[in-house]
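Fold and contact review
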Amino acid sequence: MSIVIHHNPDCGTSRNVLAILRATGEEPVVIEYLKEGWTRPQLLALFAAAGLTPRSALREAKSPAEALGLLEPGASDDTLLNAMIEHPILVNRPIVCTPKGVRLCRPSETVLDLLDRLPPGPLFKEDGEMILNEEGERLA
């Protein structure tokens, strides 16, 4: 299975999703988007595949979104995309691509929907909440 994660190693949710992916026995392609940046076609393709809009993919907390006026209702998709290209931190994460689809994996257990097989349990969210028990049964 080919898995790609658009990852921010400073984000607890992103680190947890990466750990869940690796627990399946697969080694995903890890794209550190803060280093590599985004292109407009790349963002448009990811958003379309994930059913996101630039507004729904916008990271509002711990980002320059408010200072850039991007939280205003009148900020257009084009404005948001241009800002995301200039400031990659504005894209919420992690975005995971597998043969089963593309999703913004927040909360982290969302990634389980994209896997052909679940990893062995137990698995926990970054806050300690169990999402997969010892028997491999999904709790969240």
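Use the structure listed above.
Fair warning: this is a prediction, and the values are worked out from it, not measured in the lab. (Residues numbered from 1 in each chain as written. Predicted model: local features only at pLDDT ≥ 70, side-chain atom pairs only at ≥ 80, totals over all residues. Heavy atoms only, no water.)

Now for the environment of V102. You can see V102 is positioned in strand β4 (residues 101-104). The exposure class assigned to V102 is buried, which follows from its relative accessible area of 14%. Sequence separation between V102 and A49 is 53 residues; the distance between their C-alpha atoms is 5.8 Å. The contacts of V102, once residues within four sequence positions are left out, are L46, A49, A50, I95, V96, C97 and L114. (Helix = DSSP H or I, 4+ residues; strand = E, 2+ residues; numbered from the N terminus. Buried < 20%, exposed > 50% of the residue type's maximum accessible area, 1.4 Å probe, protein only. Contact = heavy atoms within 4.5 Å.)

In this section: helix α5 (residues 77-86). When α5 is considered as a whole, its buried residues turn out to be L80, L81, A83 and M84. On an axial view of α5, the arc spanned by its buried residues comes to 165°, and they lie on one face. For α5, the secondary structure elements touched by its buried residues are α3 (40-50) and α4 (54-57). (Arc of directions from axis to C-beta.)

Further remarks concern the pairing of strand β2 (residues 29-32). Here strand β1 (residues 4-7) pairs with β2 via four bridges, running parallel. For I5, the partnering residue across the bridge sits in β2 and is V30. (Pairing = 2+ DSSP bridges.)

Strand pairing in a sheet relies on backbone hydrogen bonds. The paired strands run either parallel or antiparallel. Taking strand neighbours across the sheet as the criterion, the four strands line up as β2-β1-β3-β4 in an open arrangement whose pairing is mixed. A strand with exactly one partner marks an edge of an open sheet, and here the two such strands are β2 and β4. On average, each strand axis in the sheet is inclined to that of its neighbour by 15°, with strand direction left out of account. Taken strand by strand, helix α1 (residues 12-23) contacts β1, β2 and β3 (95-98), and its axis lies near 160° from that of β1. (Axes fitted to C-alpha atoms, helices over the stretch in contact; angles between N-to-C directions.)

Everything listed is a geometric property; what it means functionally is a separate question.
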